[in-house]
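# Inside the fold
One-letter residues, chain by chain:
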Amino acid sequence: MAMEKTFNASEAEPRLTAMWEEAGAFRAGANRSRDESFTIMIPPPNVTGALHVGHAFNNTLQDILIRWHRNARL
């Protein structure tokens, strides 16, 4: 199959979305390895660098604590 010179989103997106839906990619827990699952909600990034660094640090700490807690229960 030859590659097109330009990307045609109106053609590609419906085709890819149908393929992903058929594969179950949008189902909750599609990649889970056990019954219990966790979700980390992350707010959208800020425009300023200083606030973004603070939020990135805070989200990193939350991620570490959640992963530690999850693995401690295994």
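Below is a summary of the structure that appears in this document. (Residues numbered from 1 in each chain as written. Predicted model: local features only at pLDDT ≥ 70, side-chain atom pairs only at ≥ 80, totals over all residues. Heavy atoms only, no water.)

### Brief notes about the overall build of the protein chain
When helices and strands are counted, the protein chain shows two helices and zero strands. Looking at the 74 residues of the protein chain, the share that counts as buried comes to 4%. Surface summary for the protein chain: the accessible area is close to 7000 Å², and the carbon and sulfur share equals 60%. (Helix = DSSP H or I, 4+ residues; strand = E, 2+ residues; numbered from the N terminus. Buried < 20%, exposed > 50% of the residue type's maximum accessible area, 1.4 Å probe, protein only. Areas by Shrake-Rupley, 256 points an atom, 1.4 Å probe, with all protein chains shown as cover.)

### Brief notes about the environment of W20
Looking at the element boundaries, W20 is found in helix α1 (residues 9–23). Excluding its chain neighbours within four sequence positions, the residues that come into contact with W20 are A25 and F26. (Contact = heavy atoms within 4.5 Å.)

### What about the pattern of salt bridges?
For the coordinates displayed, the defined rule picks out two salt bridges. Notably, a salt bridge pairs R67 with D63, separated by 2.8 Å at the nearest N-O pair. Of the two residues, R67 and D63 both sit in helix α2 (residues 49–72), four residues apart, roughly one turn of that helix. Given a relative accessible area of 23%, D63 falls into the partly exposed group. (Salt bridge = Lys/Arg side-chain N within 4 Å of Asp/Glu carboxyl O.)

### So, a nonpolar patch on the surface
Together, M19, W20 and F26 make up an exposed nonpolar region whose accessible area comes to about 350 Å². Relative accessible area serves as the criterion here: at 41%, W20 is assigned to the partly exposed category. (Patch = residues over 30% accessible without salt bridge, like charges linked within 9 Å, V, L, I, M, F, W, Y side chains within 5 Å.)

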